[in-house]
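# Observations on chain architecture
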There are 2 protein chains.
Amino acid sequence: MLKGSSLYKEVALLKNYLTKNRLKLTQQRETILEAFLRVDHITAEELYREISKKKRQRMGLATIYRTLNLLCEIGIGQQRHFDENRTIFDNVLHKKHHDHLICNKCDKIIEFESPAIERLQEEMAARHGFTLNNHRLELYGHCLDWKKCRDWQKSADR
Amino acid sequence: MLKGSSLYKEVALLKNYLTKNRLKLTQQRETILEAFLRVDHITAEELYREISKKKRQRMGLATIYRTLNLLCEIGIGQQRHFDENRTIFDNVLHKKHHDHLICNKCDKIIEFESPAIERLQEEMAARHGFTLNNHRLELYGHCLDWKKCRDWQKSADR
DNA sequence: CTGTATTTTGAGAATCAGAATCAATATCAA
DNA sequence: TTGATATTGATTCTGATTCTCAAAATACAG
Ligand SMILES: [Mn+2]
Ligand SMILES: [Mn+2]
Ligand SMILES: [Zn+2]
Ligand SMILES: [Zn+2]
């Protein structure tokens, strides 16, 4: 385990899952976990470039995909499909269920939850004789404030 | 234009759009339109097999894709992505905006609309300083009634 | 109706994200 | 430390959709 990391608990969570399943804690898995937990939403490709830039070690794109999927199994990540033909991985470590509001102009992603909407969804399902397993609610639009929209666009930490 | 078709109006709609854009009304476009208007939701591949079965004429898969996209431009169809890696085309000719309830067991698709939910969505967007362009709401679950679930599964006309 | 310019078609190649292969390498428990 | 086992990364493969382009169909002026 890396010294000086502020992610002892998170790495422990990963290690625990791995051990329980006779899997191994590798350097790349740890590196990927750390980089992933630093962001909110990211694609495999972006994470790959992010890690490669700091080229602390060789890292194959396939490993990024494999590990990201592993994190989803553990429950640390979740796949999102805001636009078809690319998967965005959502870091949900300290988050509960939420839906998304997405700006088509600056790609800002806002997370929200609406108990009222969730209730109406259940009601609608029941009305049609359905038991709900999950749902997907995505709202697309644009920021009213162009300045904010641009500022977000320019900021690197997304 | 085919004789005996009950789709004069719809074919006219297509022809009108085509003429307006210096495009041509071909046999395959008419065949695809007719087959498409016969269903609610269908993939390009399914429509391809459907038409090939009745092999009234040779028809390339690329033509199906091209024409389905054309119908979407006209507003007769709309792409859906209930599961990533395959596009379902929704025949929306006589439908207004609606969302979907999908059975994970039998693939039944129920269309619904909820003004109450739509209102709450707008409210949520406004709260975050957003103007809404569109949204995606999909509810996944399963039919309570297994019998109905199976019956649906067996019925051909989907 | 006919000739001609223009669009469309179908077969197959190209694309692209993501998964599968597999020999070489790393991990871990005894 | 050793050896069984899992993992890695380079590469190939996959599958849905789009692209290419020569041959065929269509529209429309005459
Ligand atoms: Mn999120
Ligand atoms: Mn529909
Ligand atoms: Zn914005
Ligand atoms: Zn069902």
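To keep things clear, this report deals only with the structure shown in the data block. (Residues numbered from 1 in each chain as written. Chains lettered and ligands numbered in written order. Predicted model: local features only at pLDDT ≥ 70, side-chain atom pairs only at ≥ 80, totals over all residues. Heavy atoms only, no water.)

To continue, consider the coordination of the manganese ion (ligand 2). Residue and element names in this part refer to chain B. The protein atoms that coordinate the manganese ion (ligand 2) are His41 (NE2), Asp90 (OD), His98 (NE2), His100 (NE2) and Glu111 (OE), at distances spanning 2.0 to 2.4 Å. Each donor residue of the manganese ion (ligand 2) belongs to the same chain, with the gaps between them written as H-x48-D-x7-H-x1-H-x10-E. Judged by relative accessible area, which is 2%, His100 ranks as buried. (Donors = N, O, S within 2.8 Å, 3.2 Å for Na, K, Ca; no water. Buried < 20%, exposed > 50% of the residue type's maximum accessible area, 1.4 Å probe, protein only.)

It is worth spelling out empty space enclosed by the protein at this point. The full count for this structure, using the stated rule, is 1 cavity of 30 Å³ or more. Of the pockets and cavities examined, the largest cavity occupies roughly 30 Å³. (1 Å grid on protein atoms, 1.4 Å probe; cavity = no way out; pocket = protein on both sides within 12 Å on 5 of 7 lines; lining within 4 Å. Points joined across faces, edges and corners; volume = space filled by probe spheres on them.)

Facing the 33 residues of chain B at the interface are 33 residues of chain A. Buried area between chain B and chain A, summed over both chains or domains, comes out near 3100 Å², and the portion from carbon and sulfur atoms is 66%. For the pair chain B and chain A, the number of links is 2 salt bridges. The shortest N-O distance in the salt bridge between B:Glu138 and A:Arg136 comes to 3.1 Å. Our count for the chain B to chain A interface comes out at 14 residue pairs in polar contact (both at pLDDT 80 or more). If you list the elements that add at least two residues to the side of chain B that touches chain A, you get strand E4 (99-103), strand E5 (109-112), helix H5 (115-127) and strand E6 (130-143) of chain B. (Contact = heavy atoms within 4.5 Å. Buried area = accessible area lost by both parts, 1.4 Å probe. Salt bridge = Lys/Arg side-chain N within 4 Å of Asp/Glu carboxyl O. Polar contact = N/O pair within 3.5 Å; in protein donor to acceptor, adjacent residues only side chain to side chain. Helix = DSSP H or I, 4+ residues; strand = E, 2+ residues; numbered from the N terminus.)

What follows covers the layout of surface pockets. By volume, the largest pocket amounts to about 1200 Å³. Together, 42 residues line the largest pocket, and B:Phe82, B:Arg86, B:Ile88, B:Asp107 and B:Ile109 are the ones closest to its centre. For the lining of the largest pocket, the secondary structure elements donating two or more residues are strand E2 (77-80), strand E4 (99-103) and strand E6 (130-143) of chain A together with strand E1 (41-43), helix H3 (44-53) and E4 of chain B. Of the residues contributing to the lining of the largest pocket, the split by class is 14 nonpolar, 11 polar and 17 charged. (Nonpolar A, V, L, I, M, F, W, Y, C, P; charged D, E, K, R; others polar.)

Here we come to the sheet that holds strand E5 (residues 109-112) of chain A. Taken in spatial order, the 6 strands of this open sheet run E5(A)-E4(A)-E6(A)-E6(B)-E4(B)-E5(B), and their pairing is mixed. The open sheet has two edge strands with one neighbour each: E5 of chain A together with E5 of chain B. Pairwise comparison of adjacent strand axes, ignoring direction, gives a mean angle of 20 degrees for this sheet. Pairing of E4(B) with E6(B) involves 4 bridges; the strand directions are parallel. What sits directly across from B:His100, in E6(B), is B:Glu138. Sheet contacts for helix H5 (residues 115-127) of chain A: E4 and E6 of chain A together with E4, E5 and E6 of chain B; angle to E6(A), the most-contacted strand, approximately 135 degrees. Lying on the sheet, H5(B) is in contact with E4, E5 and E6 of chain A together with E4 and E6 of chain B; it crosses E6(B) at an angle near 135 degrees. (Pairing = 2+ DSSP bridges. Axes fitted to C-alpha atoms, helices over the stretch in contact; angles between N-to-C directions.)

The environment of DNA strand C is formed by 21 residues, the closest being A:Tyr65, A:Thr87, B:Lys24, B:Arg58 and B:Thr63. Each atom of DNA strand C within 4 Å of the protein was assigned to sugar, phosphate or base; sugar and phosphate come to 79%. One nitrogen or oxygen atom from the side chain of B:Gln28 is found 3.0 Å from a sugar or linking oxygen belonging to DNA strand C. Within the contact set of DNA strand C, a phosphate oxygen lies 3.5 Å away from a backbone nitrogen or oxygen of B:Met59. Put simply, the parts of the chain that give the surface near DNA strand C at least two residues each are helix H4 (61-74) of chain A together with helix H2 (27-37) and helix H4 (61-74) of chain B. Per element, the largest residue contribution to the surface near DNA strand C is 4 residues, and it comes from H4(A). (Near = heavy atom within 4 Å.)

With that settled, consider unusual backbone geometry. Of note in the backbone geometry, A:Asn85 takes a positive phi value of approximately 60 degrees without being a glycine. Its place among the elements puts A:Asn85 in the loop between E2 and strand E3 (88-91).

For the pair chain B and chain A, the best superposition has an RMSD of 0.1 Å and corresponds to a rotation of 180 degrees with a translation of 0.0 Å parallel to the axis. The two molecules are tied by a two-fold rotation axis, judged by turn and shift. No C-alpha of chain B approaches the rotation axis more nearly than that of B:Leu137, which lies at 2.3 Å. (Least-squares fit on C-alpha atoms with pLDDT ≥ 70 in both.)

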